[in-house]
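# Commentary on secondary and tertiary structure
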Amino acid sequence: ITLRSILTDPLIGPLMGIVFVLLAGFGLVFPILPLFARSFGVGNDGAGLLIATFGFARLFGDLIAGTIVDRRGERWTAIVGMGFLAVCSTATGAAPNFVAAVVLWGLAGVGSAIIFASLFSYILKAAPSEGVARTLSIFFGAFNIGVIAGGAAGGFIADAFGLEAPLF
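Report on the accompanying structure.

Criteria and thresholds
Residues numbered from 1 in each chain as written. Predicted model: local features only at pLDDT ≥ 70, side-chain atom pairs only at ≥ 80, totals over all residues. Heavy atoms only, no water. Helix = DSSP H or I, 4+ residues; strand = E, 2+ residues; numbered from the N terminus. Contact = heavy atoms within 4.5 Å. Areas by Shrake-Rupley, 256 points an atom, 1.4 Å probe, with all protein chains shown as cover. Lys, Arg positive; Asp, Glu negative; His and termini not counted. Charge placed at Lys NZ, Arg CZ, Asp CG, Glu CD. Phe/Tyr/Trp six-rings, centres within 6.5 Å; stacked < 30°, edge-to-face > 60°. Buried < 20%, exposed > 50% of the residue type's maximum accessible area, 1.4 Å probe, protein only. Lys NZ or Arg CZ within 6 Å of the ring centre and 35° of its normal. Expected span 1.5 Å × (residues − 1). Bend = angle between axes of the 7 residues up to and from the residue.

## So, the overall build of the protein chain
Within the protein chain, the secondary structure is distributed over seven helices and zero strands. Helices and strands appear in the protein chain in the N-to-C order α-α-α-α-α-α-α. On the principal axes, the C-alpha backbone points of the protein chain span a range of 55 × 35 × 20 Å. For the protein chain, the proportion of contacts with a sequence separation of at least 24, taken over those separated by at least 6, is 76%. When the accessible surface of the protein chain is summed, it comes to about 8600 Å², and 70% of that surface belongs to carbon and sulfur atoms. Seen as two clouds, the 8 positive and the 8 negative side-chain charges of the protein chain have centres 7 Å apart.

## Comments concerning the packing of aromatic side chains
For any pair of aromatic rings, geometry is given as the distance between the ring centres together with the angle between the planes. This model, assessed by the stated rule, comprises 11 aromatic pairs. Ring geometry for Phe 116 against Phe 143: centres 5.6 Å apart, planes inclined by 70°, an arrangement best described as edge-to-face. You can see Phe 116 sitting in helix α6 (residues 98–126) and its partner Phe 143 sitting in helix α7 (residues 132–161), a full 27 residues away along the chain. Overall, Phe 143 belongs to the partly exposed group, its relative accessible area being 22%. Through successive ring pairs, a cluster of aromatic residues spans Phe 116, Phe 120, Phe 139, Phe 140 and Phe 143. Here the basic side chain of Arg 72 rests over the ring of Trp 76, its NZ or CZ set 4.0 Å away from the ring centre.

## Comments concerning α7
Here α7 spans 41 Å end to end across 30 residues, near enough to the 44 Å set by a 1.5 Å rise per residue. Along α7, the helix axis deviates most sharply at Ala 153, where the bend reaches about 25°. Among the residues of α7, Val 132, Thr 135, Leu 136, Ile 138, Phe 139, Ala 142, Gly 146, Gly 150, Gly 154 and Ala 158 are the ones counted as buried. In this structure, the buried residues of α7 make contact with α1 (3–7), α2 (13–29) and α6. Positive backbone phi, at 110°, marks Gly 162, one or two positions downstream of α7.

Shown next, in the form of structure tokens:
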């Protein structure tokens, strides 16, 4: 199985683009999170809390995501998860105080976990059995390239439009 056959597969190729875009969005946000947290008047401990909250919430979200995917299916779960992540991320950018930002960013982490459980489940079902590992390696390549591309752009966007801009 080749890179080209994976990317041109109508069941798999578009998913790689979705993963890239999702992680580019995360990459946009990642460089500004400590500065965004500090804009609420908190110290480095508060910045660390904001960042850790997303990861902790993803961990919790991972525990419930499989059940949701099994009950509702990959497509429904991915769409709802993306919508939930978008709403929570945008609301984080508009948060009136640090506590609200932490709660909303944590909820965004749950949405992220649910999205990736659905995408991963889909790949395991849709990829040809002889190419699952190769497909997953491309999936995680799109994941990492998205973070890198988004991270490079996030600082420029925040500098031009404000710390909240990447969250929107």
